[in-house]
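If you want the building blocks of each chain, they are given just below.
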Amino acid sequence: MYEESARIAAIVPCHNEEITVAKVVGDLKAAVPGITVYVYDNCSHDRTSQRAAEAGAIVRKENIPGKGNVVRRAFADIDADIYVMIDGDDTYEAAHLPEMIDTLISGPYDHVLGVRQDNQETTSYRPGHEAGNKMFNRLTGWLFGSQVTDMLSGYRVFSRRFVKSFPAISRRFEIETELTVHTMSLRLPTTEVAVDFRDRPDGSESKLSTFKDGFRILGLISALVRHERPRLFYGTLTAVLAALSLIFGLPVVWEFWQTGLVPRFPTAILATALMGLAFLLGSVGLTLDGLRRARRETSRLAYLGLPAVCDSAAETSWGDSARKADGGVADSGIDSLLSETANTDYRTRSRVRTTLAS
């Protein structure tokens, strides 16, 4: 735990969420006093922006469709110590946010994943989504060597150095996959917190397509394996092509050994070409693996150039904020009050800070 104030920003991507966005904003502000809520209106055709502004959020617009585009824009534009990402459809319980922030700080961690707990009475999972999520969890864990329980969750808390070192290449709903793989590839400190997950309210429709977005996510995983684990990707292709070359070529070599003749020239040429291609892809994999290592070292150094969450939040103390707000309260009284709250949770310390500022 720490005593200093932290700038906490909540990023809420929205597309036609006028029914739910006001409640999401209100729940976030009630759960974490002092939080700044940014609602990004992503090409909505309803009153999402109006509802969000009325609820007290800072409304910004992203005109390129796709959740990934919103996250890339928000991560670049917003300056904070702790970042929260939550969907605007009111399916996640904002009351878990103080626990997630406390977990991030106490680790300290750079990434806290909200793992959705399925409630059979009010579930928001569709059968295809649940099965696909489990499949992607296992596949990604196996490919990148780190287990994850709910990689497609849209409820996460990040440190500043995670956000500012994240490239954000994805365009749409595959952004959660990229966030998870970024954590795995750089081996960043991460943990999981169970969160409640409920169904959308009446009149609110899901924008996620089971098959269309599922294939997008699968394609992104393939691309990330190619970039992040080139030896595995190209090594597998090398092994397959070499095996095919031997299957086609060994009978030709055996026949030549027995008779001194090569009656099947096309097969011999095909086997030779396949083996040559296998060696070529193997060389490409080794070259790209060297480049990947250099790129990862650069990314790691950029990540280490940013302060950890506790150090980042220590720039402005609660005592200084309270003195400015109160116009000069006695130092000893404020320091005494802050010291009494040093061992409490984040929710209590936030309320003390709000009281001092008022």
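Because the structure is a prediction, the values reported are computed rather than measured.

1. What about the environment of phenylalanine 162?
- Mapped onto the elements of the fold, phenylalanine 162 is located in helix H6 (residues 160-163).
- The spatial distance from the C-alpha of phenylalanine 162 to the C-alpha of tyrosine 83 is 9.4 Å, given a sequence separation of 79 residues.

2. Quick word on unusual backbone geometry
- Look at the link from glycine 107 to proline 108: it is a cis peptide, with omega at -15°.
- Within the secondary structure layout, proline 108 lies in the loop between helix H4 (97-106) and strand S5 (111-118).
- Backbone geometry at cysteine 43 places phi at a positive 60°, although glycine is not the residue there.
- Secondary-structure assignment places cysteine 43 in the loop between strand S2 (36-41) and helix H2 (48-54).
- Here cysteine 43 falls in the partly exposed class, since its relative accessible area comes to 24%.

3. Section: a nonpolar patch on the surface
- Taken together, the side chains of Val240, Leu244, Ile247, Phe248 and Leu270 make up a nonpolar region of the molecular surface, amounting to roughly 420 Å² of accessible area.
- The element that contributes the greatest number of residues to the nonpolar patch is helix H9 (residues 230-259), accounting for four residues.
- Checked against the element boundaries, leucine 270 lands in helix H10 (residues 265-304).

4. Remarks on the side chain of histidine 111
- In this structure, histidine 111 sits in strand S5.
- Relative accessible area serves as the criterion here: at 3%, histidine 111 is assigned to the buried category.

5. Describing the packing of aromatic side chains
- Counted according to the given criterion, the structure contains eight aromatic pairs.
- Between phenylalanine 158 and phenylalanine 162, the aromatic rings sit 5.0 Å apart at their centres with planes inclined by 25°, giving stacked as the arrangement. Assigned by exposure class, phenylalanine 158 and phenylalanine 162 land together as buried.
- Here phenylalanine 233 and tyrosine 234 contribute two aromatic rings whose centre-to-centre distance is 5.1 Å and whose plane-to-plane angle is 80°, an arrangement assigned as edge-to-face.
- Under the relative-accessibility criterion, phenylalanine 233 is labelled partly exposed at 23%.
- Joined through ring pairs, the aromatic side chains of Phe75, Tyr83, Phe158, Phe162 and Phe166 make up one cluster.
- In this arrangement the basic side chain of arginine 116 is found over the ring face of phenylalanine 197, its NZ or CZ atom lying 5.1 Å from the centre.

Conventions we followed
Residues numbered from 1 in each chain as written. Predicted model: local features only at pLDDT ≥ 70, side-chain atom pairs only at ≥ 80, totals over all residues. Heavy atoms only, no water. Helix = DSSP H or I, 4+ residues; strand = E, 2+ residues; numbered from the N terminus. Buried < 20%, exposed > 50% of the residue type's maximum accessible area, 1.4 Å probe, protein only. Patch = residues over 30% accessible without salt bridge, like charges linked within 9 Å, V, L, I, M, F, W, Y side chains within 5 Å. Areas by Shrake-Rupley, 256 points an atom, 1.4 Å probe, with all protein chains shown as cover. Salt bridge = Lys/Arg side-chain N within 4 Å of Asp/Glu carboxyl O. Phe/Tyr/Trp six-rings, centres within 6.5 Å; stacked < 30°, edge-to-face > 60°. Lys NZ or Arg CZ within 6 Å of the ring centre and 35° of its normal.

Purely spatial values, then, with no claim about function.
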